[in-house]
Amino acid sequence: MAAVQVAGPPGPTREVPRESPPPEQSSGFRCLSARLCALRPDDSSSARTEIHLLFDQLISENYSEGGGVTPEDVSTLLVQACRLVPLNQNHLVSKVSQLIHHLLNRLQVIVDEQNLDFLLAYAISALQQCSSWTHMEILQALAALVYCNGSKCQKYLPDLLGKSGILMKLSDLAQPDPEVRRAAVHCMANLCLSVPGQPYLEEPYPNICFQAFLTTLQSPKSSDMDDITFCMLLQNALKGIQSLLNGGKMKLTQTEELGALLAVLKKSMFHGLPGLNIELPTVLYPTPLPQYDGRPPVRPQQSESSASGPTANKKKKSKVKSKKIQQGEEEEEESSGEKEVARVPSSGREHVHEGKAPCSSPLGGQSLPVEGSAAGKDRVSPPFRSASWKRVSSSESDYSDAEGGMQSKMRSYQAKVRQGALACFLSTIKSIEKKVLYGYWSAFVPDTPELGSPQSVSLMTLTLKDPSPKTRACALQVLSAILEGSKQFLSVAEDTSDHRRAFTPFSVMIASSIRELHRCLLLALVAESSSQTLTQIIKCLANLVSNSPYNRLKLSLLTKVWNQIKPYIRHKDVNVRVSSFTLLGAIVSTHAPLPEVQLLLQQPCSSGLNNSNSATPHLSTPDWWKKAPSGPFLEEASVSSPKGTSEPCWLIRLCISTVVLPKEDSCSGSDAGCAAGSTYEPSPMRLEAFSSLPSDRQILCITMLLGLNDSKNRLVKAATSRALGVYVLFPCLRQDVIFVADTANAILMSLQDKSLNVRAKAAWSLGNLTDTLIVNMETPDPSFQEEFSGLLLLKMLRSAIEASRDKDKVKSNAVRALGNLLHFLQPSHIEKPRFAEIIEESIQALISTVLIEAAMKVRWNACYAMGNVFKNPALPLGTAPWTSQAYNALTSVVTSCKNFKVRIRSATALSIPSKREHYGSVDQYVQIWNALVTALQKSEDTTDFLEFKYCASLRTQICQALIHLLSLASASDLPCIRETLELNGDMVQSFILQFLKSGTEGEDTGAPHNLHERDQLVRTALEHISSIQALAGNTAKRAIMGFLEDILTIYCDLSGSQVALPGLTTDR
């Protein structure tokens, strides 16, 4: 028997076990390993029999505890096993492959790189040389070997994934053995699984795998493949795409590619759902969105053109008439890795054929009751107690008990496909821009069907009808992520007036979708029995409320949500209670029509809590929270309502009671070990509600917030920091020096927290607090500036400097705070020596942030902060050593930053200094002038078409900065200005004329919108140049005056007005 012709493993073969006595649990493994390592390649029948026996014993060994078995032991044993088995012994190759798969999976071992090299070479050779009946076991072994080892397999990728690669052949649709095909796809998925900190698969292999997975998902089930194998094949393909997207190397930039992926994901999302048979196109195409293509989205008339696209003329899908079948599965725990998901809309509509399942209510299905919960009918309000909402148990179904076991297993596999598709959808959302995603909105989010039209299938179909609680939760996570950050997209919604037209405007369609989301989510809230899924429903509602434009929608949507959620404040599950408070906070904080919110706050304290339409078996008595705890601060019977009525503002009292109730009164059942204070996030009240409270109640709210800032629960601490950042903006509080100082100290303490979330919220609040300092500077009364502690300013500066070195989430607001603080500093502070060093350090932090390759939001805020620094006349701008560094940083950004909004902000900062001496030397002034001229030349140089819409705004700001510089120029500056104009005068003149004629587009940078104001800027610059006392023979002054006069003359000719420049030409 010849030895295997594969590169030998590193080091000598172990022939004896280790000297130290093995633990009892691993003694069997060590003895068997020692016997195997003592063997030598032998072609005798007895040797083969002994190897077979050893392999069987190793596979049957109990590894449940796994004590004492190290990864090195396992790798060494597997290498030795492969050395003993030549590739011409098919049965032994099959057995050693089973051993590799079993040990690596059972003991959770990832093979080290040296041993992996040998084992991979062996497995690939086995696939190439051994009989086809062994391929299944070899592929299983290969999948276990490459798991989390994709980056270490680079040299074998051509053999595996090349044009004639073994995995490409075995995963092909023509592969006759369905199990082998599934195992090959599984290997590819494991190869794509990336490990943070390690290299990724080299190109072009990620794209090769992606196309293979996509083809697998698009292909129908072959006649020789059973349903469970097909489900596993789909799961593996979905996991492979998810791994590619999570690795960050797959960029879905092509519309066809993204549309094809979304089409198969939508199809897989409904795989095996009872009663549904979906027909989808192979590619979904997006709808053009007026919010993102530069068109004004406010008026429906302007966005109606988009309604003529696929969304407006969408096909309606047949009504889904299925009743959920009772599953044998228990409630599955929510995956900890699937926190949030983003959204995926589309205009593609599909046909849904009615299945043979029993018919259900048109309102949709209801979720499974969980173990130990009350019967579903007890949880549903009377209007929804029809027989069509009751689930069918397995004993009532049409199949026998034996068939029922197989059906239950089948449904479990199908549910995993749906969950895998939703998880992959989440990864897809994270890897594309939201504005791209929202083009596919109508493919995944429901809208209100017209009278007599069937409802379309969407994520809400899964939420209402899927029998698996985990699948329902996954669908809600996806929908929640879609809704998160959707304010701009939803802002076009409009249904405050009746639209009677031959077509549906885009704005009305979005409003219809928002209404349908409210209806379906509230329906799901009533029907749901799983606490985990219930939490996701409420979180989804909170995201919907936070992003919906209620001021453009008909009233009552908020009222319905408010009344439905109130009973869940006392739900037995702590997470449901937390999310309920978050939703209530979102309602109170929303920019909705204020009268509706005020009316909700003025409702009687028991309103909604004993409403039969919101009944739930998990609630305590409706008036549980009206029993005030003892304490001097809650002795009064009620809190005044916003209008001063005798009815208590129940939500304020509820929040106070929740925070101060003893643990045993505020916790029950499963959460008895949780402190009340760590259960809920304090939600900032609207200014109007807070201002109407009596002063003692205001003090109580502030005192509680400042106290909660010391909470050990980081969620509470983060929410408290944010709430303080809102309170400090209230006009009734921001001039209170003591409150601002106390808030500053609390925020500075949170900035030192270990949690990034806490630090990010604290940095945001610090930015708001420093905004308050600037607002207070503008008041006639200087007492605030005089009374505010200089030591506290020093502490804030130091903390902001430290935070500017933190992650981007913290850094963006830290630099905003630095700019405000440096603007706020008074001459009395700047004169003190202890401030000199901290000012220098603060400005250096801003300069470095302007220049670093950070998130664009960070750099934008840094440029904005630098502009704030320039507004402080007490700082030695122009003479300080940091002046040139600051200007160099801004001029670098204005000429070269790829983000035009950052360029605009840097040009704005360069136009802020109000005196010529602030720009420093002539060389410094000329550098700034030349940089702005260069930036004007390059104002259309971008490869990103999304930046083009900011071109006009950038040119406007640069032109304003150039005119501002001319209005401050000295005689020494004029020669250099003339040189630039001689080279680029025509270009500059054309852009300044555009500046004079057109309005500002894009973001508001402070540039004058009034055409007369712009005209006056040029006239002011001309008057200033004419007033400069130039040396005799200096022609620069005349050239520059002529340049400005020509601009005004051309502008007045074009506008039809007459130019009047009295007294100016005589000085030429």
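Keep in mind it's a predicted model, so treat the numbers as computed, not measured.

As a further point, take the overall build of the protein. A tally of regular secondary structure across the protein gives 46 helices and two strands. Long-range pairs, those at least 24 residues apart, make up 77% of the contacts in the protein with a sequence separation of at least 6. By element, 51% of the accessible surface of the protein is carried by carbon and sulfur atoms, the whole surface being about 44200 Å².

What follows concerns the packing of aromatic side chains. Counted under the stated rule, the structure contains 12 aromatic pairs. Seen in terms of ring centroids, Y727 and F730 are 5.3 Å apart; in terms of plane orientation they differ by 25 degrees. Their pairing is stacked. The two residues Y727 and F730 agree in class, both being buried. Both rings, one in F788 and one in F824, keep their centres 6.0 Å apart while their planes meet at 80 degrees; by these two values the pair is edge-to-face. Within this pair, whereas F788 is found in the loop between helix 34 (783–787) and helix 35 (790–803), its partner F824 is found in helix 36 (residues 808–824), the two being separated by 36 residues in sequence. Residue F824 is classed as buried on the basis of its relative accessible area of 0%.

A word on the confidence of the model for the protein. Averaged over the protein, the pLDDT score is 77; the fraction of residues at 70 or greater is 74%. Residue range residues 662–685 is modelled with pLDDT below 50. Its contacts to residues more than four positions away, or to other chains, number 55 contacts. Scored below 50 in pLDDT, residues 1062–1068 makes 11 contacts in the model with residues more than four places away or belonging to other chains.

Attention shifts here to the packing of helix 4 (residues 90–106) against helix 6 (residues 135–146). Following both chains from N to C, one finds helix 4 and helix 6 inclined at 35 degrees, their axes separated by 8 Å at the closest point. At the point where helix 4 passes helix 6, the crossing takes the left-handed sense. Packed against helix 4, whose contacting residues are V93, S94, S97, Q98, I100, H101, L104 and N105, the element helix 6 presents E137, I138, Q140, A141, A144 and L145 at the interface.

Another point: the pattern of salt bridges. Scanning all chains against the criterion turns up 20 salt bridges. We note a salt bridge from R1019 to D1015, for which the minimum N-O separation is 2.5 Å. Taken as a pair, R1019 and D1015 lie in helix 45 (residues 1011–1027) at a separation of four residues, close to a single helical turn. Accessibility assignment for this pair places R1019 and D1015 in one class, buried. Through salt bridges with shared partners, one network takes in R714, K717 and D753.

Moving on: the packing of helix 19 (residues 469–483) against helix 22 (residues 531–547). The packing of two helices is summarised by the inter-axis angle and the distance between the axes. Put simply, helix 19 and helix 22 touch, their axes get as near as 9 Å, and they point 15 degrees apart. By the criterion of interaxial angle, the relationship of helix 19 to helix 22 is roughly parallel. Of the two elements, helix 19 crosses helix 22, and the hand of that crossing is left-handed. Every residue of helix 22 that contacts helix 19 at P469, R472, A473, L476, Q477, L479, S480 and L483 is listed here: T533, Q536, I537, K539, C540, N543, L544 and N547. Among the residues forming the contact of helix 19 with helix 22, the class breakdown is eight nonpolar, six polar and two charged.

Bringing helix 4 into the picture now. Compared with the 24 Å implied by 1.5 Å per residue over 17 residues, the 24 Å span of helix 4 between its first and last C-alpha is a close match. Burial runs high along helix 4: 12 of the 17 residues are buried. Taken as a whole, helix 4 has its buried residues at N90, L92, V93, S94, K95, V96, S97, L99, I100, H102, L103 and L104. Each element contacted by the buried residues of helix 4 is listed here: helix 2 (45–60), helix 3 (71–84), helix 5 (113–129) and helix 6. Just downstream of helix 4, Q108 is the residue with a positive phi angle, here 55 degrees.

Before going further, it helps to examine the side chain of N868. For N868, the location among the structural elements is in helix 39 (residues 856–870). Of the residues examined, N868 reaches a relative accessible area of 4% and is grouped as buried. Excluding residues within four positions of it along the chain, N868 makes contact with G819, N820 and H823.

On the basis of relative accessibility, which here comes to 17%, the residue R1019 falls in the buried class. Placed 25 residues apart in sequence, R1019 and L1044 show a C-alpha to C-alpha distance of 8.1 Å.

On to the environment of E433, then. Relative to the assigned elements, E433 resides in the loop between helix 15 (401–430) and helix 16 (434–437). In the structure, E433 is positioned 180 residues away from T253 in sequence and 9.8 Å away in space, judged by C-alpha atoms.

Checked against the element boundaries, S427 lands in helix 15. For S427, a relative accessible area of 5% translates into the label buried. Contacts of S427, omitting those with residues within four sequence positions, involve Q242, L245 and N246.

It is worth spelling out unusual backbone geometry at this point. Despite not being glycine, Q108 shows a phi value in the positive range, around 55 degrees. Take Q108: it is sitting in the loop between helix 4 and helix 5. The phi dihedral of S556 is positive, around 100 degrees, even though this residue is not glycine. Looking at where S556 falls in the secondary structure, it is placed in the loop between helix 22 and helix 23 (557–565). Judged by its relative accessible area of 31%, S556 is partly exposed.

The subject of this paragraph is helix 24 (residues 574–589). Because each turn of an α-helix spans 3.6 residues, side chains separated by three or four positions in sequence point in the same direction. In a regular helix each residue adds 1.5 Å, so 16 residues correspond to 22 Å; helix 24 covers 23 Å between its end C-alpha atoms and thus fits that length. Counting buried positions along helix 24 yields 12 of 16 residues, so the element is predominantly enclosed. For helix 24, every residue scored as buried is listed here: V574, V576, R577, S579, S580, F581, L583, L584, G585, A586, I587 and V588. Its side-chain oxygen placed 2.9 Å from the backbone nitrogen of N575, D573 serves as the N-cap of helix 24.

Enumeration over the complete set of coordinates arrives at zero disulfides. Free cysteine C192: the closest other cysteine sulfur is in C209, separated by 3.7 Å. Owing to a relative accessible area of 0%, C192 belongs among the buried residues under this scheme.

About the thresholds
- Residues numbered from 1 in each chain as written.
- Predicted model: local features only at pLDDT ≥ 70, side-chain atom pairs only at ≥ 80, totals over all residues.
- Heavy atoms only, no water.
- Helix = DSSP H or I, 4+ residues; strand = E, 2+ residues; numbered from the N terminus.
- Contact = heavy atoms within 4.5 Å.
- Areas by Shrake-Rupley, 256 points an atom, 1.4 Å probe, with all protein chains shown as cover.
- Phe/Tyr/Trp six-rings, centres within 6.5 Å; stacked < 30°, edge-to-face > 60°.
- Buried < 20%, exposed > 50% of the residue type's maximum accessible area, 1.4 Å probe, protein only.
- pLDDT = per-residue confidence, 0-100.
- Axes fitted to C-alpha atoms, helices over the stretch in contact; angles between N-to-C directions.
- Left-handed = near helix turned anticlockwise from the far one by under 90°.
- Salt bridge = Lys/Arg side-chain N within 4 Å of Asp/Glu carboxyl O.
- Parallel < 35°, antiparallel > 145°, perpendicular 65-115°, else oblique.
- Nonpolar A, V, L, I, M, F, W, Y, C, P; charged D, E, K, R; others polar.
- Expected span 1.5 Å × (residues − 1).
- Polar contact = N/O pair within 3.5 Å; in protein donor to acceptor, adjacent residues only side chain to side chain.
- Disulfide = S-S within 2.5 Å.

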